[in-house]
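Chain and residue survey
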Amino acid sequence: MDIPKPMRMVLLGKAGSGKSSLANTILGESIFDVNHYDDSRTILSQSETKVVHGRSLTLIDTPGLFGMRRSKEEVLISLRSCLTECSPGPHIFLLVFKIEKFTEQEKAIVTQICRDFSADVLKHSIVVFTRGDQLREETTIEDFIADSEDLIDLVKKCGGRCHVFDNKYWQNNPKNEYRSRQIEQEEENIRQSSEGLPKEEVRKQAKEIVFNRLKKPPNQDEFKKKKVRRHTNTHQQSLNTLHHNMDKTSQMNRQGTRGQQEAARVPNPMRIVLLGKAGSGKSSLANTILGEAKFDVHHYNDSRTILSQSETKVVHGRSLTLIDTPGLFCMRRSKEEVRTSLLSCQTECSPGPHVFLMVFKVEKFTEQEKAIVTQICKDFSADVLKYSIVVFTRGDQLREETKIEDFIADSEDLKYLVWKCRGRCHVFDNKYWQNNSRNEYRSNQFQLEQLLKSINQIKVENNGSFYTNDKLRDIERQIEQEEANIRQSSEGLPKEEVRKQAKEIVFIRLKKPPKQWYENNYFLTLVLGTVTVLLFGIYYS
């Protein structure tokens, strides 16, 4: 039987979203070249045709079509290459995103796609997510979408069509994919209703049922319902967390935690601040370093979290205080939220951090990451790099036998950053490297030992001193004054509790919006008001 002419499918998305790997997954073999970290030198589209499940498909991959480092000429060449490959026109567009926060950058990509083609492009589009292993256990892609108004709107414009793949971990373990769970459920239903059917026929019918179900646009209100349900769950979770924290606080007041007891027997803790954009893996990294889940992890959206969190524990004989700054560089922050986040960080790490951990994912180092480094130096000072270590998360994305130094060597910007940080860089994977042998490079235990060596190196290079500046010195002066006040009014309080209360008082005072010049001088304000009244009187007389 003749196979119909192939359906032309164009894969669109930003560099590093997983388009080429997705194309290979769809075709079932490695036909497209995959550039894990940098496809900025690839400007031409690539097309391949193959029969998949009885359908002839032509996939057109557009690596780096929306790369931030493209010149206008390169973007034009890439677009022309795409249009040529898919001529006379694509039947389907696959809009490819990773399972992570849907930021302004992703929204800009959708806007650019509509501009380069037309607004009608969404009528022919399917939203496809990669890195499906980042979904929480038992979470479907609809649950993930329900957390973002922008994603709900995009999927709605695409007729409700959305799917999720994982091009690395789901290939040989189909039970991890919720779509496969649906197929298994349908197989069971068919076996119960049609005894005696061959196994292959049962599997075939189950696949067809699930496929037909998924290709139908779902009820658009379903996303809203899921969002309402998620908010209800979040409210209940908040109540549970409140009761848990009350119990935890009561227990700590009675006997203290094991980490605090250990910390009392070792020197003062080294203060370590984790910096990076939202979603870079800072909280998970902090938990990996401490060896337990102390920090709250927001996999997809921490835009509502604006306060830093600190925890202290003895790790390999060293007392460490980790200060996590979720969303400090979130693009959706207002100026006031950014100011509050920065003040929270400065108060928590007062009188100043011994070490900064600049956290990035193992992926392309874009202009956005460069801007974050610039902002860090602006918020603190250029000297911050003398106290900094570059730490990468998502280490499982490194090619086999590749070390982090090899990854850095592919980017001039990264090489320069690491050089400014005296060559200090490490890589972790907070999900897949937890149980590896400490003797292996791809082991969090091995990497933690190396990180602690770098921390000690910073301590030696700076003669045991910590980073500080005028703002931090002023905050510490205010904290010490409040500590003195608290000790006078509440004798017998533990030193840690006095310090905690003093920090809270200073933070609340500092986060108040600064007074305008006219509010600082009551007499001047009164004079100006009187002059204004007199001038109005003269004018109207």
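Predicted, not measured: the structure shown is a model, and the values here were computed from it.

1. Here's the deal with a nonpolar patch on the surface
Nonpolar side chains collect at one region of the surface, where Val 531, Leu 535 and Ile 538 lie side by side and expose about 300 Å² of accessible area between them. Looking at the secondary structure, you find Val 531 in helix 18 (residues 522-540). Given a relative accessible area of 40%, Val 531 falls into the partly exposed group.

2. Considerations on the nonpolar core
Ranked by internal contacts, the top residues of the largest apolar core, which has 55 residues, are Leu 357, Phe 380, Phe 392, Ile 404, Leu 417 and Leu 451. In terms of residue count, strand 10 (residues 355-361) provides more of this core than any other element does, six residues in total. Setting aside residues up to four positions removed in sequence, Ile 404 forms contacts with Val 362, Phe 392, Leu 398, Cys 425, His 426, Val 427 and Tyr 441. Counting residues in each nonpolar core, the second largest holds 29 residues, with Val 110, Ile 113, Leu 135 and Cys 162 among its members.

3. Here we look at the environment of Ile 458
Topologically, Ile 458 is positioned in helix 15 (residues 444-461). Classification of Ile 458 as buried rests on a relative accessible area of 1%. Each C-alpha atom, one on Ile 458 and one on Tyr 387, is 6.2 Å from the other, the two residues being 71 residues apart in sequence. Ignoring any residue separated from it by four or fewer positions in sequence, one finds Ile 458 in contact with His 354, Val 355, Lys 386, Tyr 387, Ser 388, Ile 389 and Arg 424.

4. Examining the sheet that holds strand 9 (residues 318-324)
Ordered in space as 8-9-7-10-11-12, the six strands form an open sheet in which the pairing is mixed. Edge strands, defined here as strands with exactly one partner in the open sheet, are strand 8 (309-315) and strand 12 (425-427). The average angle at which neighbouring strand axes cross in this sheet is 25 degrees, direction not considered. Sheet topology places strand 7 (residues 270-275) next to strand 10; four bridges connect them, and they run parallel. Bridging from a neighbouring strand, Val 273 pairs with Phe 356 of strand 10. Lying on the sheet, helix 15 is in contact with strand 7, strand 8, strand 9, strand 10, strand 11 (388-393) and strand 12; it crosses strand 11 at an angle near 165 degrees.

About the cut-offs
- Residues numbered from 1 in each chain as written.
- Predicted model: local features only at pLDDT ≥ 70, side-chain atom pairs only at ≥ 80, totals over all residues.
- Heavy atoms only, no water.
- Patch = residues over 30% accessible without salt bridge, like charges linked within 9 Å, V, L, I, M, F, W, Y side chains within 5 Å.
- Areas by Shrake-Rupley, 256 points an atom, 1.4 Å probe, with all protein chains shown as cover.
- Salt bridge = Lys/Arg side-chain N within 4 Å of Asp/Glu carboxyl O.
- Helix = DSSP H or I, 4+ residues; strand = E, 2+ residues; numbered from the N terminus.
- Buried < 20%, exposed > 50% of the residue type's maximum accessible area, 1.4 Å probe, protein only.
- Core = buried A, V, L, I, M, F, W, Y, C linked by side-chain atoms within 4.5 Å.
- Contact = heavy atoms within 4.5 Å.
- Pairing = 2+ DSSP bridges.
- Axes fitted to C-alpha atoms, helices over the stretch in contact; angles between N-to-C directions.

Nothing here speaks to function; it is geometry throughout.
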